[in-house]
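# Summary of the model geometry
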Amino acid sequence: MSLSALFRREVSLAWGRGGGPLVAVGFYAGAATLLPLSIGPDPDRLGAVAVGAAWVSLALASLLSLERLFERDYEDGALDLLVLGHPPLELVCTVKCLGQWIAAGVPLALAAPVFSIALGADPRTSGLILACALIGGLAFAFVGGVGAALSLGARRGGLLTAVIVLPLFVPPVIFGGGALEAFAGGLPWRGGFALMCAYAAGAVALGPLAMAAACRNALS
């Protein structure tokens, strides 16, 4: 299978699997709705935590579609064919994660400014929120792919994926949230943004190597 055909397949399956991105966006909306109920409707209090809460909710929503990233192919034997196929498995893993990001990460990123502003964030931060959500979502997809590959064949693989992945989500959450808070407060924000971009670049570069090794180990 060519890489372009694999990419189209992954995007199609991600969009059609279990509600596609609507489930993740729905979870995101639910988390944004519950926050005012838990801390009260005071605009000042909501505005102070809006960006951070929306960013954490984005990370958690990104987990929802990771469980089946490799599990479906593992169960029906397609993963064996992908391992033996012409494109290197590392490139296959890269394409699968990019398809996951396009299908779930981009819709979540587009929703992030809307929910942040709805919670009381400064509308001037919407551009940076979108940029951080896109880049952070890319990091979440590749780091999450590592967790999904490591949990192949395990019982309750979704729970194991979350346990593996959540600690690795901490750096982009800290860097992205810090950049957004600094921007909203008129402070230097480019350092945190640059660190988040560097983390995402590292995840894209190293994640496929770890995913391919975990997939080969699961099939051996």
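Residues numbered from 1 in each chain as written. Predicted model: local features only at pLDDT ≥ 70, side-chain atom pairs only at ≥ 80, totals over all residues. Heavy atoms only, no water.

Right, let's talk about the overall build of the protein for a bit. Looking only at helices and strands, one finds nine helices and zero strands in the protein. From first element to last, N terminus to C terminus, the protein shows the α and β order α-α-α-α-α-α-α-α-α. At 18 Å, the protein has a C-alpha radius of gyration in line with the 17 Å of a compact globule built from 220 residues. By its C-alpha atoms, the protein is 55 × 35 × 30 Å across when sized along the principal axes. The long-range share in the protein, meaning contacts at least 24 apart out of those at least 6 apart in sequence, stands at 80%. If you sum the accessible surface of the protein, you get close to 10,100 Å²; carbon and sulfur atoms cover 70% of it. (Helix = DSSP H or I, 4+ residues; strand = E, 2+ residues; numbered from the N terminus. Rg over C-alpha atoms; globule rule 2.2 N^0.38 Å. Contact = heavy atoms within 4.5 Å. Areas by Shrake-Rupley, 256 points an atom, 1.4 Å probe, with all protein chains shown as cover.)

This paragraph deals with helix α2 (residues 21-39). Here α2 spans 28 Å end to end across 19 residues, near enough to the 27 Å set by a 1.5 Å rise per residue. Turning to α2, its buried residues number three or more, namely Pro-21, Ala-24, Tyr-28, Ala-32 and Leu-35. What you see down the axis of α2 is that its buried residues fit within an arc of 80°, all on one side. Opposite the buried face of α2, by more than 90 degrees, sit the exposed residues Leu-22, Thr-33, Leu-34, Leu-37 and Ser-38. (Expected span 1.5 Å × (residues − 1). Buried < 20%, exposed > 50% of the residue type's maximum accessible area, 1.4 Å probe, protein only. Arc of directions from axis to C-beta.)

What follows concerns empty space enclosed by the protein. What the rule picks out here adds up to two cavities of 30 Å³ or more. Taken as a whole, the largest cavity holds about 80 Å³ of empty space. Lining the largest cavity, in full, are Ser-62, Ser-65, Leu-66, Gln-100, Trp-101, Ala-104, Gly-105, Leu-108, Gly-137, Phe-140 and Ala-141. Of all the secondary structure elements, the ones that give two or more residues to the lining of the largest cavity are α6 (89-119) and α7 (126-150). With five residues, α6 is the single largest residue contributor to the lining of the largest cavity. Residue classes in the lining of the largest cavity are distributed as six nonpolar, five polar and no charged. Taken as a whole, the second largest cavity holds about 40 Å³ of empty space. Surrounding the second largest cavity, Tyr-28, Val-51, Ala-54, Trp-55, Leu-58, Ala-112, Ser-116, Ile-129, Ala-133 and Leu-180 form its lining. For the lining of the second largest cavity, the secondary-structure elements that each account for two or more residues are α3 (43-62), α6 and α7. Ranked by residues supplied to the lining of the second largest cavity, first place goes to α3 with four residues. Split into classes, the residues belonging to the lining of the second largest cavity amount to nine nonpolar, one polar and no charged. (1 Å grid on protein atoms, 1.4 Å probe; cavity = no way out; pocket = protein on both sides within 12 Å on 5 of 7 lines; lining within 4 Å. Points joined across faces, edges and corners; volume = space filled by probe spheres on them. Nonpolar A, V, L, I, M, F, W, Y, C, P; charged D, E, K, R; others polar.)

For α6, spanning 31 residues, the distance from its first C-alpha to its last is 42 Å, which sits close to the expected 45 Å at 1.5 Å a residue. Taking the largest bend as the criterion, α6 deviates by roughly 40°, centred on Trp-101. Burial analysis of α6 places 22 of its 31 residues in the buried class, the great majority of the element. One or two residues past the end of α6 sits Gly-120, with phi positive at roughly 120°. (Bend = angle between axes of the 7 residues up to and from the residue.)

We now examine the packing of aromatic side chains. Summed over all chains, the structure comprises four aromatic pairs. Relative to Phe-169, the ring of Phe-140 has its centre 4.4 Å away and its plane inclined at 40°; by these criteria the two rings are tilted. Placement of Phe-140 in helix α7 and of Phe-169 in helix α8 (residues 157-184) is noted, with a sequence separation of 29 residues between them. For the residue pair Phe-140 and Phe-169, the accessibility class agrees, reading buried in each case. A centroid spacing of 5.6 Å and a plane angle of 85° characterise the contact between Phe-183 and Trp-189, whose relative ring orientation is edge-to-face. With a relative accessible area of 30%, Phe-183 lands in the partly exposed category. (Phe/Tyr/Trp six-rings, centres within 6.5 Å; stacked < 30°, edge-to-face > 60°.)

Let's shift gears to the environment of Leu-79. Positionally, Leu-79 belongs in helix α5 (residues 78-84). If we ignore the near neighbours within four places in the chain, the residues touching Leu-79 are Asp-73, Tyr-74, Leu-152, Cys-215 and Leu-219.

Moving on, we get to the pattern of salt bridges. In total, this model carries five salt bridges according to the counting rule given. Arg-9 serves as the salt-bridge partner of Asp-73, at 2.7 Å between the closest nitrogen and oxygen. Of the two residues, Asp-73 is situated in helix α4 (residues 68-76) and Arg-9 in helix α1 (residues 3-16); the sequence distance between them amounts to 64 residues. Where Glu-90 meets Arg-216, a salt bridge forms, and the shortest distance between an N and an O atom there is 3.3 Å. (Salt bridge = Lys/Arg side-chain N within 4 Å of Asp/Glu carboxyl O.)

What follows is about the nonpolar core. Ranked by internal contacts, the top residues of the largest apolar core, which has 60 residues, are Tyr-28, Phe-70, Phe-169 and Met-211. When residues of this core are traced back to their parent elements, those giving at least two are α2, α3, α4, α5, α6, α7, α8 and α9 (190-219). (Core = buried A, V, L, I, M, F, W, Y, C linked by side-chain atoms within 4.5 Å.)

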